[in-house]
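Single-letter residue listing:
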Amino acid sequence: MAVIHRTTMSPGKLELLAGWLPLRPWYRGGSGGPQLAKAGGFRLDDPEGEVGIEFMVVTDTAGDEPVSYLVPLTYRGAPLKGAEDGLIGTSEHGVLGRRWIYDGAHDPVLVEQLLSLLAGRTTAQDQNASDAPDPTVEVLGEGAGVPHGLTGPGTVTDTADASLVTVGPFMSEGPVSTLTVSRVLLDGVAPAGDGAGRRVLAGWTAPDGFRRHGVFAHLAVSEG
């Protein structure tokens, strides 16, 4: 169970993301830097209780039109070997001490728990409360289910609006599938090239105060 600590982080998450987001190929803002506000999201539990997992939505109002980004985050008590490309930064947590914060698309714990969510084997948790499921997060499916034994990430490829994460039974023979993590969120719109598979839909709050709801992740399952 994820425990939400009511404490400080220095630097804060939005401060770290303000320096990291403009370096992403899916960033839509200008050269003046983002103006970020937390807009929603949810959490997943690490079964081992070691890694914090948060799917954070931030809205940037610096440009002509606001843009909402999904940033899956993991919080670790030590560096994750081999995930240097996914490191967003470090922060001092008021209770837990130094935390290494990663773009979760590069973290196997987040990827495997997202696959579990898509398979219906785990439940999304409230972003701001301990031990509180979030019933607004939906998992919809078409075609093949999510087979057991999928792990990842294999490779992570950023596009103009998403991150494509390869997942598969990498230690044995079997097809490799693509897990699409949305980055630029669109209200009610499925990812480009969407077909059979399973998807996670969740909500966030736009700057006008209205709730939006869209695809956070989509798994296209390879048949063989």
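The structure displayed is predicted, hence computed values, not measured ones. (Residues numbered from 1 in each chain as written. Predicted model: local features only at pLDDT ≥ 70, side-chain atom pairs only at ≥ 80, totals over all residues. Heavy atoms only, no water.)

Here's the deal with the nonpolar core
If you look at soluble globular proteins, the nonpolar side chains tend to sit buried side by side. In this structure, Phe42, Leu114, Leu179, Phe216 and Leu219 are the most contacted members of the largest nonpolar core, which totals 32 residues. When residues of this core are traced back to their parent elements, those giving at least two are strand E2 (36-44), strand E3 (52-60), helix H2 (108-119), strand E9 (162-167), strand E10 (177-182), strand E11 (197-205) and strand E12 (211-220). (Core = buried A, V, L, I, M, F, W, Y, C linked by side-chain atoms within 4.5 Å. Buried < 20%, exposed > 50% of the residue type's maximum accessible area, 1.4 Å probe, protein only. Helix = DSSP H or I, 4+ residues; strand = E, 2+ residues; numbered from the N terminus.)

Let's talk about the pairing of E12
As paired strands, E10 and E12 are joined by four bridges and run antiparallel to one another. Bridging across to E12, Thr180 finds its partner in His218. In this structure, E11 lies alongside E12, joined through eight bridges in antiparallel fashion. The partner of Arg199 across the bridge, within E12, is His218. Hairpin connection, E11 to E12: the antiparallel pair is bridged by five residues, and Gly209 has positive phi, about 90°. (Pairing = 2+ DSSP bridges.)

Topic: the packing of aromatic side chains
As enumerated under the stated definition, the model contains six aromatic pairs in all. Here Trp26 and Tyr69 contribute two aromatic rings whose centre-to-centre distance is 5.9 Å and whose plane-to-plane angle is 45°, an arrangement assigned as tilted. Residue Trp26 is found in the loop between helix H1 (13-20) and E2, and its partner Tyr69 is found in strand E4 (residues 67-76); the two are separated by 43 residues along the sequence. A residue is classified by how much of its surface remains accessible, and Trp26, at 0% relative accessible area, is buried. Their ring planes at 25° and their centres at 5.8 Å tell us that Tyr27 and Tyr69 sit as a pair that is stacked. Of this pair, Tyr27 sits in the loop between H1 and E2 while Tyr69 sits in strand E4, and the two are 42 residues apart along the sequence. Of the two residues examined, Tyr27 and Tyr69, each falls in the buried class. Here the aromatic residues Trp20, Trp26, Tyr27 and Tyr69 are joined through ring pairs into a cluster of three or more. (Phe/Tyr/Trp six-rings, centres within 6.5 Å; stacked < 30°, edge-to-face > 60°.)

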